[in-house]
Amino acid sequence: MIRIAILGSTGSIGTSALAVVDAHPDRLRVVALGAGNNAALLAEQVRKYCPEVVALASGDGVDTLRGLCDPPRTVASGAEGLLAVATCPSVDVVLCASSGTAALEAVLAAIACGKTIALANKEVLVMAGGLVMDAARAHGVAILPVDSEHNAIHQCLHQRSGADVRRLILTASGGPFRGRSRASLAGVTAADALKHPTWQMGQKITIDSATLMNKGLEVIEAHWLFGMPASRIDVVVHPQSIVHSMVELRDGSVIAQMGITDMRLPIQYAFSYPERWDAPVPFLDLTRMGTLEFHEPAWDDFPCLRLAYRALEAENSLPIVLNAANEVAVDAFLRGELGFTAIPDLIAATMNAHTGGVADTLDAVRRIDGWARDRARAGVRELQSIP
Ligand code: MG
């Protein structure tokens, strides 16, 4: 029996992970659940899975939860709650499925406790990939990628030596605005951007998919997970989302991983690794898929992708600034305070204002992250004051 903790159990990945648990009750057991603010759904999950530990973002959320179910003895909130879920002694695998950077400390604590990490959250690696991967090496902990592209690359690499790999090729759906010019995107709304063509996901990642920042963050994520420089990580737009990513070997062979677009597959892979289990999803029928297309990304229409390469190539703390400014920009866009094409402008302006610095400790990472958020919020206010 593999005992699971989920950070972000009420979100899109979290609920898919619980569906995987439901399909394998003889192999998987839920031991700890952490959620943001959705106390009602967490209460349902508590009644169904009887976890030993639960956590919510706020104390108010915990009060609501207590009114809705009979919670376990350990109920916590805030950063303490995330830590309690991630370090619960009986847990084998921690699935990090929360969005944003709040779970960074919890992931590091889980690694220090020797837990296997199933990582669905990319911001943690973008912000502190060096710290996380160094800690995983020091504690002999596996980081298994759940992000579908990195999960695909993990499958294609199949423990192959890095010397045999020429480049990693991440596929991108292109998002809802594929084929549109930057000029035509100035007036699009959050509702337009939230209509993703192939994946059902949370709001933050769906907006990131529309700007192509999601792919940019994934380039940085791939760098840390697989030890590849930016120059050996490429992106191709593949609107059908059937090829989840590829690895090109030194002899020119390209290994691709294909499958239907269902996050239960990469989640189950991370839970079952190195085994393979039957999956509760339909099989892929390639004869019904039609044509599979592959295109160069529209770099100039979607500047976020190039910004992410610039941050990674800078080899200092610039990815922290990129990520923090992007979170502020996406939040402002969702609230109608920032235009769609102003998202990359705000991120670039924040990156340009950054004066460098090494982020080799958690304190340094949080300090640079805090500076970038303040700078980006000031940038939003400046843009709003322009009539
Ligand atoms: Mg992805």
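With that out of the way, let us pick up helix α4 (residues 78-86). Along an α-helix, residues three or four apart share an orientation, since each turn contains 3.6 residues. Along α4, the residues that are buried comprise G81, L82, V85 and A86. Each buried residue of α4 sits inside an arc of 130° when the element is viewed along its axis, so together they form one side. More than 90 degrees from the buried face of α4, the exposed residues found are A79 and E80. Buried-residue contacts for α4 involve β1 (2-7), β2 (28-34), β3 (53-56), β4 (74-77), β5 (93-96) and α5 (104-112).

This part is about the sheet that holds β1. What the seven strands build is an open sheet, ordered β4-β3-β2-β1-β5-β6-β7; its pairing is parallel. Edge positions in the sheet fall to β4 and β7 (143-145), since each of these pairs with one other strand and no more. Here the strands of the sheet are splayed against their neighbours by 25° on average, with no regard to which way each runs. Where β3 meets β4, four bridges bridge the pair, whose relative direction is parallel. Paired with V53 across the strands is T74, a residue of β4.

Only D147 (OD), E149 (OE) and E218 (OE) from the protein reach the magnesium ion as donors, at distances of 2.0 to 2.1 Å. Going along the chain, you hit the donors of the magnesium ion in the pattern D-x1-E-x68-E. Each member of the pair D147 and E149 is classed as buried.

What follows is about the pattern of salt bridges. What the rule picks out here adds up to 23 salt bridges. Two residues, R366 and E105, come together in a salt bridge whose shortest N-O distance is 2.7 Å. Residue R366 is located in helix α15 (residues 362-385), and its partner E105 is located in helix α5; the two are separated by 261 residues in the primary sequence. Given a relative accessible area of 25%, R366 falls into the partly exposed group. For the salt bridge of R137 with D134, the shortest nitrogen-to-oxygen distance reads 3.0 Å. Note that R137 and D134 are positioned in helix α6 (residues 123-139) at a spacing of three residues, about one turn of the helix. The exposure class of D134 is partly exposed, given its relative accessible area of 46%. Salt bridges sharing partners connect three or more residues here, namely E105, E327, R366, D369 and R373.

Criteria and thresholds
- The residue numbers shown here count from 1 along each chain, following its written sequence.
- Totals for whole chains, interfaces and linings use every residue, but because this is a predicted model, local features are given only for residues with pLDDT of at least 70 and side-chain atom pairs only at 80 or more, for both listing and counting.
- The basis for every side-chain value is the complete set of heavy atoms in the structure, and neither hydrogens nor water enter the calculation.
- Classification of residues uses two cut-offs on accessible area relative to the type maximum, computed with a 1.4 Å probe and protein chains only: under 20% is buried, over 50% is exposed, and between them is partly exposed.
- Helix and strand definitions here come from DSSP, where helices need a minimum of 4 consecutive H or I residues and strands a minimum of 2 consecutive E residues; each element is numbered from the N-terminal end.
- As used here, the arc belongs to the directions running from the helix axis to the C-beta atoms.
- Note on definitions: a residue-residue contact is assigned when non-hydrogen atoms from the two residues lie within 4.5 Å.
- At least two DSSP bridges between two strands are required for those strands to pair.
- Note on geometry: axes are C-alpha line fits, over the in-contact stretch for helices, and angles between N-to-C directions span 0 to 180 degrees.
- In this listing, donors mean N, O and S atoms no farther than 2.8 Å from the metal, or 3.2 Å for Na, K and Ca; water is missing from the atoms, so a site can look incomplete.
- Whenever a carboxyl oxygen of Asp or Glu lies within 4 Å of a side-chain nitrogen of Lys or Arg, that contact is scored as a salt bridge.

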